[in-house]
Amino acid sequence: MKKLLKYSGNFYVLASLLFLFWITFIDSNNLVNHFKLSQKLGQLEDQKEFYLEKKEKITAEREELLSNPALLEKFARERYLMKKQTEDLYVIVEK
């Protein structure tokens, strides 16, 4: 018990404990926030990979569309409901 009182009265021990408490809980860059930000960084990196893969897929589709006129016409007809002047277009909407 005397040793505990001896160390608890020491300035360096008290300063070190106060510093550890400050860094762990109070500071704006505390360990709790650091852990949360690390998790958020991991999630954002996963999203980055997902969107990069999606971008590559869209780029490949775009290149394919621009290189093939028949496929481009099919895409325009299906996606944007485009038609030739001599055609009639009927859209069936399912309820």
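Residues numbered from 1 in each chain as written. Predicted model: local features only at pLDDT ≥ 70, side-chain atom pairs only at ≥ 80, totals over all residues. Heavy atoms only, no water.

## Details of the side chain of Asn-30
Next up, step 1: Among the secondary structure elements, Asn-30 is positioned in the loop between α2 (11-26) and α3 (31-67).
Next up, step 2: The exposure class assigned to Asn-30 is buried, which follows from its relative accessible area of 7%.
Next up, step 3: Polar contacts involving the side chain of Asn-30 include one to the main-chain amide nitrogen of Val-32, which spans 3.3 Å. (Helix = DSSP H or I, 4+ residues; strand = E, 2+ residues; numbered from the N terminus. Buried < 20%, exposed > 50% of the residue type's maximum accessible area, 1.4 Å probe, protein only. Polar contact = N/O pair within 3.5 Å; in protein donor to acceptor, adjacent residues only side chain to side chain.)

## Some details on unusual backbone geometry
Next up, step 1: Phi is positive for Leu-81, which is not a glycine, with a value near 55 degrees.
Next up, step 2: Residue classification places Leu-81 among the partly exposed residues on the basis of a relative accessible area of 45%.

## Some remarks on a nonpolar patch on the surface
Next up, step 1: A surface patch of nonpolar side chains, amounting to about 510 Å² of accessible area, comprises Phe-21, Trp-22, Phe-25, Ile-26 and Val-32.
Next up, step 2: The element best represented in the nonpolar patch is α2, accounting for 4 residues.
Next up, step 3: Looking at Phe-25, the relative accessible area reads 52%, which means it is exposed. (Patch = residues over 30% accessible without salt bridge, like charges linked within 9 Å, V, L, I, M, F, W, Y side chains within 5 Å. Areas by Shrake-Rupley, 256 points an atom, 1.4 Å probe, with all protein chains shown as cover. Salt bridge = Lys/Arg side-chain N within 4 Å of Asp/Glu carboxyl O.)

## Focus: a negative patch on the surface
Next up, step 1: Among the surface-exposed residues, Glu-45, Asp-46, Glu-49, Glu-53 and Glu-56 lie close enough to one another that they form a single negatively charged patch.
Next up, step 2: For Glu-53, the position within the fold is in helix α3. (Lys, Arg positive; Asp, Glu negative; His and termini not counted. Charge placed at Lys NZ, Arg CZ, Asp CG, Glu CD.)

## Considerations on the packing of aromatic side chains
Next up, step 1: Applying the stated criterion to the full structure yields 4 aromatic pairs.
Next up, step 2: On the basis of an interplanar angle of 70 degrees and a centroid distance of 5.5 Å, the ring pair of Phe-11 and Tyr-12 is categorised as edge-to-face.
Next up, step 3: With centroids separated by 5.1 Å and ring planes inclined at 70 degrees, the aromatic side chains of Phe-50 and Tyr-51 adopt a geometry described as edge-to-face.
Next up, step 4: Overall, the relative accessible area of 45% leaves Phe-50 in the partly exposed class. (Phe/Tyr/Trp six-rings, centres within 6.5 Å; stacked < 30°, edge-to-face > 60°.)

## Observations regarding the confidence of the model for the protein
Next up, step 1: Looking at the protein as a whole, the pLDDT averages 87, with 92% of positions reaching at least 70.
Next up, step 2: Looking across the protein, the model is least confident in helix α1 (residues 2-8), with a mean pLDDT of 66, and most confident in α3, with 94. (pLDDT = per-residue confidence, 0-100.)

## What about the pattern of salt bridges?
Next up, step 1: Inspection of every chain in the model, using the stated rule, returns 4 salt bridges.
Next up, step 2: Between Arg-77 and Glu-73 there is a salt bridge, with the nearest N and O atoms lying 3.2 Å from each other. Note that Arg-77 and Glu-73 are positioned in helix α4 (residues 69-80) at a spacing of 4 residues, about one turn of the helix.
Next up, step 3: Since its relative accessible area comes to 38%, Glu-73 is described here as partly exposed.
Next up, step 4: Glu-87 is paired through a salt bridge with Arg-77; the nearest N and O atoms lie 2.8 Å apart. Here Glu-87, found in the segment after α4, pairs with Arg-77, found in helix α4; they are 10 residues apart in sequence, far enough to count as distant.
Next up, step 5: Since its relative accessible area comes to 26%, Glu-87 is described here as partly exposed.
Next up, step 6: A relative accessible area of 26% places Arg-77 in the partly exposed class.
Next up, step 7: Residues joined in a network through salt bridges with shared partners are Glu-73, Arg-77, Lys-84 and Glu-87.

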